[in-house]
Amino acid sequence: MSRAAARRRARAGFFLRRVIRGGLGFAVSGAVVVLLWRGWFPDIRLPGAELAHAAAAAVLTAMLAVKIAGRVRTSERRRTPGREAASDVEVGRLLLTVVYVLLAISGGAGSPVYPLVYAIVSFLVTFHRLAVGLPLAAAAIGFEAVLSFSRVAPPSATATFP
């Protein structure tokens, strides 16, 4: 194999690893949104919670911890503004996903920890620039829609969405 082919292969491998690392948080968050929509995370006060539900929540929490650690570890000088914004949106979306899973397992829209949503969204929107805060605010509205209109949502949840 020639040197040029080896360099191209190494670059392709680097690019693939970078894409996977950059998109893994979005993929996990998207998968959890689908599970929330299907009502897969039951209220823990009701019978029917299984080990698989706890494992999925643990994977989500571990992904959030890994992404936060990676975000803190990387110096600001090594990031372009676009990559920094994408990383902030990814971490923020994972944080919102964790909060909405917590809401789902503690009673949905009527959960006693629902005010946590206000705290998280106000933190995310206040401490990030507009290019990051706007997609995160839209994601929070999307999570509200999923929580209000999912298959297992009570009729009263759909009335409170607007």
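Up top is the structure.
These figures come from a predicted structure and were not determined experimentally.

Visitor: Account for the overall build of the chain, naming residues and giving values.
Guide: Looking only at helices and strands, the chain features six helices and zero strands. Starting at the N terminus, the α and β elements of the chain follow one another as α-α-α-α-α-α. In the chain, which comprises 162 residues, the share counted as buried stands at 33%. Contacts in the chain between residues far apart in sequence, at least 24 positions, make up 68% of those at least 6 positions apart. Carbon and sulfur atoms provide 69% of the accessible area of the chain, an area that totals close to 10000 Å².

Visitor: Can you tell me about the packing of helix α3 (residues 81–105) against helix α5 (residues 130–149), naming the residues and giving the values?
Guide: Where α3 contacts α5, the two axes come as close as 10 Å, and the packing angle between them is 25 degrees. It follows that α3 is roughly parallel to α5 by the angle criterion. Regarding α3 and α5, the two cross each other, and that crossing is right-handed. Residue-level contacts link Ala85, Asp88, Val89, Gly92, Arg93, Leu96, Thr97, Tyr100, Leu103 and Ala104 of α3 to Ala131, Val132, Pro135, Leu136, Ala139, Ala140, Phe143, Glu144 and Leu147 of α5. Class assignment of the residues belonging to the contact of α3 with α5 gives a composition of 14 nonpolar, two polar and three charged.

Visitor: Outline the packing of aromatic side chains, listing residues and values.
Guide: Under the counting rule described, the total for this entry stands at three aromatic pairs. An angle of 10 degrees between the planes, with centres 5.0 Å apart, marks the rings of tyrosine 100 and phenylalanine 143 as stacked. Note that tyrosine 100 is positioned in helix α3 and phenylalanine 143 in helix α5, a separation of 43 residues in sequence. A residue is classified by how much of its surface remains accessible, and phenylalanine 143, at 4% relative accessible area, is buried.

Visitor: Lay out the environment of alanine 131 with the relevant residues and their values.
Guide: By secondary structure assignment, the location of alanine 131 is in helix α5. For the pair formed by alanine 131 and alanine 86, sequence separation is 45 residues and the distance between their alpha carbons is 9.3 Å.

Visitor: A description of a nonpolar patch on the surface should follow, citing residues and the corresponding values.
Guide: The grouping of Leu102, Val113 and Leu116 at the surface amounts to a nonpolar patch, some 190 Å² of accessible area in total. Note that leucine 116 resides in helix α4 (residues 115–126).

Visitor: Pulling in residues and values, what's your account of the environment of glycine 23?
Guide: Mapping glycine 23 onto the fold places it in helix α1 (residues 3–37). Take glycine 23: its relative accessible area is 27%, and that puts it in the partly exposed class. Along the sequence, glycine 23 and glutamate 90 sit 67 residues apart, while their C-alpha atoms lie 8.2 Å from each other.

Visitor: So, α3: which residues are in play, and what are the values?
Guide: Look at α3: 36 Å from first C-alpha to last across 25 residues, which is about the 36 Å you get at 1.5 Å a residue. Of the residues flanking the end of α3, it is glycine 107, one or two places downstream, whose phi is positive at about 125 degrees.

Visitor: So what's going on with the nonpolar core? Residues and values would help.
Guide: In this structure, Leu36, Phe41, Leu96 and Tyr100 are the most contacted members of the largest nonpolar core, which totals 30 residues. Taken together, the elements giving at least two residues each to this core come down to α1, α2 (51–73), α3, α4 and α5. The biggest single contributor to this core is α3, with 10 residues. Sequence-distant contacts of tyrosine 100, defined by excluding residues within four places in its chain, comprise Leu36, Val117, Ala140, Phe143, Glu144 and Leu147.

Parameters and conventions
- Residues numbered from 1 in each chain as written.
- Predicted model: local features only at pLDDT ≥ 70, side-chain atom pairs only at ≥ 80, totals over all residues.
- Heavy atoms only, no water.
- Helix = DSSP H or I, 4+ residues; strand = E, 2+ residues; numbered from the N terminus.
- Buried < 20%, exposed > 50% of the residue type's maximum accessible area, 1.4 Å probe, protein only.
- Contact = heavy atoms within 4.5 Å.
- Areas by Shrake-Rupley, 256 points an atom, 1.4 Å probe, with all protein chains shown as cover.
- Axes fitted to C-alpha atoms, helices over the stretch in contact; angles between N-to-C directions.
- Parallel < 35°, antiparallel > 145°, perpendicular 65-115°, else oblique.
- Left-handed = near helix turned anticlockwise from the far one by under 90°.
- Nonpolar A, V, L, I, M, F, W, Y, C, P; charged D, E, K, R; others polar.
- Phe/Tyr/Trp six-rings, centres within 6.5 Å; stacked < 30°, edge-to-face > 60°.
- Patch = residues over 30% accessible without salt bridge, like charges linked within 9 Å, V, L, I, M, F, W, Y side chains within 5 Å.
- Salt bridge = Lys/Arg side-chain N within 4 Å of Asp/Glu carboxyl O.
- Expected span 1.5 Å × (residues − 1).
- Core = buried A, V, L, I, M, F, W, Y, C linked by side-chain atoms within 4.5 Å.

Keep in mind that these numbers describe shape and distance, not what the molecule does.
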